[in-house]
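Per-entry structural report
This is what each chain is made of:
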Amino acid sequence: MNKAILHDHLDGGLRPSTALELAKNDSYKPLLEIENISSFFDRSSSNSLEDYLEAFIHTTALMNKYENLERIAFEAAEDMHNCGINLYESRYAPLYSVNENLSIKDVLESINSGFKQAENLYGIQSGLILCGMRNDLKNVESVGEIAVKYKDLIIGFDIAGPELNFRPSLFSSTFKKVKNAGVNITIHAGEGDNVESIKDALENGAKRIGHGVRIIEDINLENNKLGETASLIRDKQIPLEICITSNIHTNMYKNYESHPIKDLLDLGFNISLNTDNRLMSNTDIVKEMNICKDIGIKNPENLLKMSASYSFCLLYTSPSPRDVEE
């Protein structure tokens, strides 16, 4: 049976050894001065979201050559295969890599080339979701145009970056164009912003919600009464792309026990278990499944199987999550 990862950032998943090797090849000094590359990128003890996100400055700086992107994409898919995944969705803000020697088409083709090499070797199917950076209107508009023009090279469109004050409705015209072109939409919401951001994402064409954990704030856990948006999410079984460890490291929750994933599962929400940023959070999907078991989720592997039902890589219908044996 297929097992899928739906929410994983390409620039958040480099191997530390690869980052160091590419830094040496490209004479990228900030990383050459680091004694322990793994410890440098591990942001599990971040004091703030800004501290966590600072690490991405250094990964994207290494993603400026065709061969670098190709290798990073291949290794990401290979790492997923080694964790038992055979459907892998990776997301990336492509304009970070465009330069005088690398066109936007080069960026997309290099990543797809790496994915194809992994597919030929291991059978894992991978696809690219393009991210516009929501704190930059022109960036979102440009990436939306890229998504439409090169829709045959991608599987979806998203907006990433700081959620607060940058709700999806600010980019409604871009979402409309992308949706009309037949491009799948998933939107980061309900992580850095509240429940209203989730509702906003749905109104702008999101088939899935990136993170979405703050839907718990629309639920009275004393009587399990759901608010309007929570009811809509559950009744329509809209997948929530939850990333437990990442939520802890960005200080959304103090510890794993306080994370709402189990409550949401118990209430019948459609939960997809994901990795988000494997490098910065020092995680992989095996670790995430073990965390699930530690907090009382019996068979987290079933979450990966259900994720496959909603993968943009395949888009086929499958049983309701409630029909899958726990």
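This section reports on the structure supplied with the text. (Residues numbered from 1 in each chain as written. Predicted model: local features only at pLDDT ≥ 70, side-chain atom pairs only at ≥ 80, totals over all residues. Heavy atoms only, no water.)

Observations concerning the overall build of the protein chain
Across its full length, the protein chain holds 14 helices and 10 strands. For 326 residues, the compact-globule formula gives about 20 Å, and the C-alpha radius of gyration of the protein chain, at 19 Å, lands near that figure. With the C-alpha coordinates aligned to their principal axes, the bounding extent of the protein chain is approximately 60 × 45 × 40 Å. Buried positions account for 56% of the 326 residues belonging to the protein chain. Within the protein chain, contacts between residues separated by at least 24 positions form 73% of all contacts whose residues are at least 6 apart in sequence. Per element, the accessible surface of the protein chain, about 14,200 Å² overall, is 46% carbon and sulfur. Here the protein chain carries 33 positive and 48 negative side-chain charges, and the mean point of each set is 4 Å from the other. (Helix = DSSP H or I, 4+ residues; strand = E, 2+ residues; numbered from the N terminus. Rg over C-alpha atoms; globule rule 2.2 N^0.38 Å. Buried < 20%, exposed > 50% of the residue type's maximum accessible area, 1.4 Å probe, protein only. Contact = heavy atoms within 4.5 Å. Areas by Shrake-Rupley, 256 points an atom, 1.4 Å probe, with all protein chains shown as cover. Lys, Arg positive; Asp, Glu negative; His and termini not counted. Charge placed at Lys NZ, Arg CZ, Asp CG, Glu CD.)

Here we look at the packing of aromatic side chains
Per the counting criterion, the structure on display carries 5 aromatic pairs. Ring plane angle 70° and centroid distance 5.7 Å describe the contact between Phe 157 and Phe 175, whose orientation is recorded as edge-to-face. Taken together, the residues Phe 157 in strand 4 (residues 156–160) and Phe 175 in helix 8 (residues 172–180) connect sequence positions 18 residues apart. Phe 175 carries the same exposure label as Phe 157, and that label is buried. One cation-aromatic arrangement involves Arg 208 over Phe 312; the distance from NZ or CZ to the ring centre is 3.9 Å. (Phe/Tyr/Trp six-rings, centres within 6.5 Å; stacked < 30°, edge-to-face > 60°. Lys NZ or Arg CZ within 6 Å of the ring centre and 35° of its normal.)

Observations regarding helix 6 (residues 104–122)
Between its first and last C-alpha atoms helix 6 spans 27 Å; for 19 residues at 1.5 Å apiece the expected length is 27 Å, and the two agree. Those residues of helix 6 that sit buried are Ile 104, Val 107, Leu 108, Ser 110, Ile 111, Ser 113, Gly 114, Phe 115 and Ala 118. The inward-facing, buried residues of helix 6 contact helix 5 (66–82), strand 2 (87–92), strand 3 (125–133) and helix 7 (137–149). (Expected span 1.5 Å × (residues − 1).)

Points about the sheet that holds strand 6 (residues 208–211)
Pairing between the strands of a sheet comes from backbone hydrogen bonds, and it takes one of two forms, parallel or antiparallel. Across the sheet, which stays open at both edges, the 4 strands sit in the order 5-6-9-10 with parallel pairing between neighbours. Only two strands of the sheet have a single partner each, and these edge strands are strand 5 (186–189) and strand 10 (271–273). Averaged over all pairs of adjacent strands, the angle between strand axes in this sheet comes to 30°, irrespective of strand direction. Sheet analysis places strand 6 next to strand 9 (residues 240–242), joined by 2 bridges and oriented parallel. The partner of Ile 209 across the bridge, within strand 9, is Leu 240. (Pairing = 2+ DSSP bridges. Axes fitted to C-alpha atoms, helices over the stretch in contact; angles between N-to-C directions.)

Considering the pattern of salt bridges
Between side chains of opposite charge, a pair can form as their charged atoms come close. Counting across every chain of the model gives 19 salt bridges. As a salt-bridge pair, Glu 75 and Arg 15 come within 3.6 Å of each other at their nearest N and O atoms. Of this pair, Glu 75 sits in helix 5 while Arg 15 sits in the loop between strand 1 (4–5) and helix 1 (16–25); the two residues are 60 residues apart in sequence, bridging distant segments of the chain. Residue class for Glu 75 comes out buried when judged on its relative accessible area of 9%. Among the residues examined, Arg 15 registers a relative accessible area of 23% and is labelled partly exposed. Residue Glu 89 pairs with Arg 208 through a salt bridge whose shortest N-O separation is 2.8 Å. On the criterion of sequence distance, the pair formed by Glu 89 in strand 2 and Arg 208 in strand 6 is long-range, its members being 119 residues apart. Across this residue pair, the class does not change: Glu 89 and Arg 208 are buried. (Salt bridge = Lys/Arg side-chain N within 4 Å of Asp/Glu carboxyl O.)

Observations regarding the environment of Ile 124
Inspection of the secondary structure puts Ile 124 in the loop between helix 6 and strand 3. The class for Ile 124 is buried, based on a relative accessible area of 0%. Separated by 38 residues in the primary sequence, Ile 124 and Asn 86 have C-alpha atoms spaced 4.3 Å apart. Beyond its immediate sequence surroundings of up to four residues, Ile 124 is in contact with Ala 77, Met 80, His 81, Ile 85, Asn 86, Leu 87, Tyr 88, Ala 118 and Glu 119.

Quick look at the sheet that holds strand 1
The 4 strands are arranged 1-2-3-4 in an open sheet whose pairing can be described as parallel. Each of the sheet's edge strands pairs with one partner strand only, and the pair in question is strand 1 and strand 4. With 2 bridges joining them, strand 1 and strand 2 adopt parallel strand pairing. If you follow Ala 4 over to strand 2, its bridge partner there is Leu 87. Of the strands in this sheet, strand 3 and strand 4 are in contact with helix 7, which crosses strand 3 at around 150°.

Thoughts on the packing of helix 7 against helix 8
Running from N to C, helix 7 and helix 8 point in directions that differ by 5°, and their axes come no closer than 9 Å. Compared by their axis directions, helix 7 and helix 8 come out roughly parallel. Here helix 7 contributes Val 140, Glu 141, Gly 144 and Val 148 to the contact with helix 8, which in turn contributes Thr 174, Lys 177 and Val 178. (Parallel < 35°, antiparallel > 145°, perpendicular 65-115°, else oblique.)

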